[in-house]
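# Understanding the architecture of this molecule
For reference, the chains in residue letters:
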Amino acid sequence: MKEIFVSDIDGMAAGKDVVVKGWAQEIRVMKNIGFIIIRDSTGLVQATVKRDCPDFQLLEKISRESVVSVSGTIPESIKSNVGREIITSQITVLNLSETPLLIGITDNVETDMDTRFNSRFIDLRKPEIARIFRAKSAILWGMRNYLMSNKFMEVQTPKTVSAATEGGAELFHVKYFEKDIFLNQSPQLYKEMLVASGVERVFEVGPAFRAEEHNTPRHLNEFTSIDIEMAFADHNDAMLMLENAIANGIRNFMDTVKDAKSFSLVKSIPETPFPRITYSECLQILKKNDYPAINGDDLNNEALKIIGKRFEGFYFITEWPKSVRPFYTATLDEKPEYTKSYDLQFREIEITSGAQRVHNPVELKKRIEEKGLNSENFEFYLKTFRYGMPPHAGWGLGLERLVQVVLGLPNIREASLFPRDRTRVFP
Ligand code: ATP
Ligand code: MN
């Protein structure tokens, strides 16, 4: 009888023979008895090794974090504070670990982030780190499921591009044979072109690259972007998809990840619809709080802190001025200086930007030029608007940002397996 995962032992009857495989987190040997605490991704089990076990001598040789396979029997009464125990009949060392360890796993000493990220594979063995990525995976799965059940098709678009999505300085240049090209900062233009290709609803989960100059707790240079685009839809339709996708992501996290609520900042599935506030209303609130903000400017962190205090968690800021939104953002019919756009916020932190897009090719070309960009570089994109482009809307969400706010992580780097920042492109 073989069991691969430690937690499979739960509920098994005494007397059952099992094989557990994992990392030797702790080894203790006394005269007549010894213990190995074995860890796998599902938990801990104590392998109790009595003197009469033929492999008793091995205990002296096994270093911490070595990979072992242990056969044994489940005892009548469990005498281990990890809550699981087997009485060992055989130990096989599958691979010895070198000593000393690069970083500790169970000791309470605080290791700085740099040291941890240099040996991230060991850092990730800590349950309190590993569970961040269980949460990330579960949230993404719940969001994907929601989009799939709403007739979205998942797509993959190129990350090497010759035109910038929005222009701007946040682009990485890459040598591409004789040419100088860019790493894509967003799949925006591609997902719109796919709407023109006759697929009404697309989404992508993929890397986005931004040459953010400064190290902040909220920016990575490579992050995971969840992007959707939907035809025959306006900004309100896209906001509905967003709040429900997020609620479903958090629901799946809470349903499937052990003890989710104990380590998550968000303690329940957020109620939809999320509250909405317009940019102009934000300006009024700021004025009342003696925090002047200029109409037409972006809202900075301080301003967003004031606004964010009014809401429990997620909320939308809608109808941003044209001046702070990209060229492809549709304007409001009745207020052309404002747009059919929104940001999803969690307190002062932006999670998503989205909008209805311009679908008229003449207007779109004009908007590109208004931003000082060369419309000839956008011909591949503009031409898809001339042969039957539906009205459409969408959004782009930073997955690590979402995980950061849901779990209440102080730094976005904690939500990336191998973070990339101004100084780190390793390992
Ligand atoms: P910010 O103002 O926070 O830098 P942005 O407005 O420049 O973000 P968008 O272009 O609107 O970002 O990108 C959509 C989403 O992608 C953002 O709402 C955010 O969640 C995420 N995002 C953008 N830049 C980064 C980054 N450098 N690191 C991590 N996530 C990011
Ligand atoms: Mn944005």
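Everything here concerns the structure above.
Residues numbered from 1 in each chain as written. Chains lettered and ligands numbered in written order. Predicted model: local features only at pLDDT ≥ 70, side-chain atom pairs only at ≥ 80, totals over all residues. Heavy atoms only, no water.

### Looking at the site of ligand 1
Ligand 1 sits among 14 residues. The nearest are Glu212, His219, Leu220, Glu350 and Ile351. Here a nitrogen atom of ligand 1 sits 2.8 Å away from a polar atom, N or O, in the main chain of leucine 220. Alone, ligand 1 offers 580 Å² of accessible surface; in the complex the protein occludes 81% of this. Only strand 15 (349–356) and strand 16 (392–398) provide two or more residues apiece to the shell around ligand 1. In terms of residue count, strand 15 provides more of the shell around ligand 1 than any other element does, four residues in total. Considering only residue class, the shell around ligand 1 consists of four nonpolar, five polar and five charged. (Near = heavy atom within 4 Å. Polar contact = N/O pair within 3.5 Å; in protein donor to acceptor, adjacent residues only side chain to side chain. Areas by Shrake-Rupley, 256 points an atom, 1.4 Å probe, with all protein chains shown as cover. Helix = DSSP H or I, 4+ residues; strand = E, 2+ residues; numbered from the N terminus. Nonpolar A, V, L, I, M, F, W, Y, C, P; charged D, E, K, R; others polar.)

### Considering the pairing of strand 2 (residues 33–40)
Along any regular strand the residues' side chains alternate between the sheet's two faces. Buried residues dominate strand 2, accounting for seven of its eight residues. Two strands pair when backbone bridges link them, and strand 1 (residues 17–29) and strand 2 are joined in this way by six bridges, in the antiparallel orientation. Within strand 2, the position partnered with isoleucine 27 by the bridge is isoleucine 36. Pairing between strand 2 and strand 3 (residues 43–50): eight bridges, direction antiparallel. Note that in strand 3 the partner of glycine 34 across the bridge is valine 49. With antiparallel pairing between neighbouring strands as the criterion, strand 2 and strand 3 make up a hairpin whose turn holds two residues. (Buried < 20%, exposed > 50% of the residue type's maximum accessible area, 1.4 Å probe, protein only. Pairing = 2+ DSSP bridges.)

### A closer look at helix 9 (residues 361–370)
Every buried residue of helix 9 is accounted for by Leu364, Arg367 and Ile368. Take helix 9 and look down its axis: the buried residues cluster within an arc of 100°, on one side only. Facing away from the buried side of helix 9 by over 90 degrees, the exposed positions are Val362 and Lys366. Contacts from the buried residues of helix 9 go to helix 10 (379–382). The N-cap residue of helix 9 is asparagine 360: its side-chain oxygen and the backbone nitrogen of valine 362 are 2.8 Å apart. Positive phi appears at glycine 372, one or two residues downstream of helix 9, with a value of about 80°. (Arc of directions from axis to C-beta. Contact = heavy atoms within 4.5 Å.)

### Section: the pairing of strand 16
The element strand 16 is extensively covered by neighbouring structure, given that six of its seven residues are classed as buried. In the sheet, strand 11 (residues 222–231) pairs with strand 16 via seven bridges, with the strands oriented antiparallel. The residue bridging glutamate 229 from the neighbouring strand is glycine 394, located in strand 16. Taken together, the five bridges between strand 15 and strand 16 define a ladder with antiparallel strand orientation. Bridging across to strand 16, alanine 355 finds its partner in glycine 394.

### Examining the sheet that holds strand 13 (residues 314–318)
Read across the sheet, eight strands follow the order 6-10-11-16-15-14-13-12 without closing on themselves; strand pairing throughout is mixed. Among the strands making up the open sheet, the edge pair consists of strand 6 (153–154) and strand 12 (276–278). In this sheet, strand 14 (residues 341–346) lies alongside strand 13 in antiparallel orientation, the contact comprising five bridges. For phenylalanine 314, the partnering residue across the bridge sits in strand 14 and is phenylalanine 346. Those strands touched by helix 4 (residues 188–196) are strand 10 (201–209), strand 11 and strand 16, and its axis lies near 25° from that of strand 11. Docked against the sheet, helix 7 (residues 279–288) engages strand 12 and strand 13, running at close to 80° with respect to strand 12. (Axes fitted to C-alpha atoms, helices over the stretch in contact; angles between N-to-C directions.)

### Focus: the coordination of the manganese ion (ligand 2)
Looking at the metal site, the manganese ion (ligand 2) is ligated by Glu350 (OE) and Ser353 (OG), spaced 2.2 to 2.3 Å from it. For glutamate 350, a relative accessible area of 30% translates into the label partly exposed. When its relative accessible area of 27% is taken as the criterion, serine 353 is described as partly exposed. (Donors = N, O, S within 2.8 Å, 3.2 Å for Na, K, Ca; no water.)

### Side note on the side chain of histidine 235
Mapped onto the elements, histidine 235 comes out in helix 5 (residues 235–256). Sequence-distant contacts of histidine 235, that is, excluding residues within four places in its chain, are made with Lys340, Tyr342, Ala355, Gln356 and Ala393.

### Some points on the sheet that holds strand 7 (residues 160–161)
Taking strand neighbours across the sheet as the criterion, the three strands line up as 7-9-8 in an open arrangement whose pairing is antiparallel. Both outer strands of the open sheet, strand 7 and strand 8 (173–176), are each paired with one neighbouring strand and no more. Bridging between strand 7 and strand 9 (residues 179–183) involves two bridges; their strand directions are antiparallel. Pairing of threonine 160 across the sheet is with leucine 183, part of strand 9.

### Regarding helix 7
Among the residues making up helix 7, those that are buried are Tyr279, Cys282, Leu283, Ile285 and Leu286. Projection of helix 7 onto a plane perpendicular to its axis shows the buried side chains occupying an angular sector of 165°, all on one side. Exposed residues on helix 7 whose side chains face more than 90 degrees from its buried face are Gln284, Lys287 and Lys288. Where helix 7 is buried, its residues contact strand 12, helix 8 (301–308) and strand 13.

### Comments concerning the packing of helix 7 against helix 8
Packing of helix 7 against helix 8 leaves a shortest axis separation of 10 Å and a crossing angle of 90°. Of the possible angle classes, the one that applies to helix 7 and helix 8 is roughly perpendicular. Within the contact between the two elements, helix 7 uses Cys282, Ile285 and Leu286 and helix 8 uses Ala303, Ile306 and Ile307. A breakdown of the residues in the contact of helix 7 with helix 8 according to their chemical character gives six nonpolar, no polar and no charged. (Parallel < 35°, antiparallel > 145°, perpendicular 65-115°, else oblique.)

### Concerning the nonpolar core
Considering soluble globular proteins, one finds that nonpolar side chains tend to be buried as a cluster. Ile246, Phe253, Phe314, Trp395 and Val406 are the most contacted members of the largest nonpolar core, which totals 50 residues. Sorting elements by how many residues they give to this core places helix 3 (residues 127–148) first, with ten residues. If we skip the residues at most four places from it in the chain, phenylalanine 314 touches Ile246, Ile250, Pro270, Phe274, Pro275, Leu344, Gln345, Phe346, Ile351, Leu402, Val405 and Val406. Core analysis: the second largest hydrophobic core is formed by 20 residues, Val18, Ile36, Val68 and Ile74 among them. (Core = buried A, V, L, I, M, F, W, Y, C linked by side-chain atoms within 4.5 Å.)

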